[in-house]
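Working through the structure, step by step
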Amino acid sequence: MCHCTACQRRTGSAFGVGTYFSKEQVRAEGPNNVYARGSDSRRKSERHFCPDCGSTVFWYLELFPDLIGIAFGAFADPSMPWPPVSVWETTRHPWVTFDHRLDHFERQPELIEGTA
Ligand SMILES: [Zn+2]
């Protein structure tokens, strides 16, 4: 989960939730539009969204060049694992709280276990 202001604007919500996979594990197909933007950490990101409904589907981050991010909500699967980390809590809305165990970071750590 990311509480950065860029994710708040991108999602139109209080935070974004993403899943990450090795690029070799995923093949992206079909039409998509791309929007490149910066982040609160001033790194580049490339967001690919559905040209029909406008939903962000997947993305690439300069921070994690070997990974592809896929929007958590794109799976529409209530059995998905619970998010294990919460980043950019420095801009987290105080009413956003979670009662499961997860690691908290004030900003974006350079490396999150399991992502490299
Ligand atoms: Zn973010």
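The rules we used
Residues numbered from 1 in each chain as written. Predicted model: local features only at pLDDT ≥ 70, side-chain atom pairs only at ≥ 80, totals over all residues. Heavy atoms only, no water. Helix = DSSP H or I, 4+ residues; strand = E, 2+ residues; numbered from the N terminus. Contact = heavy atoms within 4.5 Å. Pairing = 2+ DSSP bridges. Axes fitted to C-alpha atoms, helices over the stretch in contact; angles between N-to-C directions. Salt bridge = Lys/Arg side-chain N within 4 Å of Asp/Glu carboxyl O. Buried < 20%, exposed > 50% of the residue type's maximum accessible area, 1.4 Å probe, protein only. Polar contact = N/O pair within 3.5 Å; in protein donor to acceptor, adjacent residues only side chain to side chain.

Further remarks concern the environment of Gly 18. Looking at where Gly 18 falls in the secondary structure, it is placed in strand 1 (residues 18–22). Distance from Gly 18 to Ile 70, taken between C-alpha atoms, is 5.7 Å for residues 52 residues apart in sequence. Once residues within four sequence positions are removed from consideration, Gly 18 is found in contact with Trp 59, Ile 70 and Phe 72.

On to the sheet that holds strand 1. Sheets are built from strands that pair by backbone hydrogen bonding, the pairs being arranged parallel or antiparallel. Within the open sheet, the 5 strands sit side by side as 1-5-4-3-2. Their pairing is antiparallel. Lying at the two open borders of the sheet, with one neighbouring strand each, are strand 1 and strand 2 (33–37). Averaged over neighbouring strand pairs, the angle between their axes works out to 25° when direction is ignored. As defined by bridge partners, strand 2 adjoins strand 3 (residues 45–49) across 5 bridges and the pair is classed as antiparallel. In the strand pairing of strand 3, Ala 36 is matched with Glu 46.

Turning our eyes to something else, we now look at the pattern of salt bridges. Counted according to the given criterion, the structure contains 3 salt bridges. Linking Glu 29 and Arg 27 is a salt bridge whose minimum nitrogen-to-oxygen distance equals 2.7 Å. The exposure class assigned to Glu 29 is exposed, which follows from its relative accessible area of 61%. Taking the relative accessible area as the measure of exposure, Arg 27 reaches 67% and is therefore exposed. For the salt bridge of Arg 101 with Asp 103, the shortest nitrogen-to-oxygen distance reads 3.2 Å. Residue Asp 103 is classed as partly exposed on the basis of its relative accessible area, which comes to 34%.

Its location among the elements puts Arg 101 in the loop between strand 6 (85–86) and strand 7 (103–104). Under the relative-accessibility criterion, Arg 101 is labelled exposed at 68%. Between the C-alpha atom of Arg 101 and that of Pro 83, which follows or precedes it by 18 residues, the distance is 9.2 Å. A distance of 3.2 Å separates a polar atom in the side chain of Arg 101 from a polar atom in the side chain of Asp 103.

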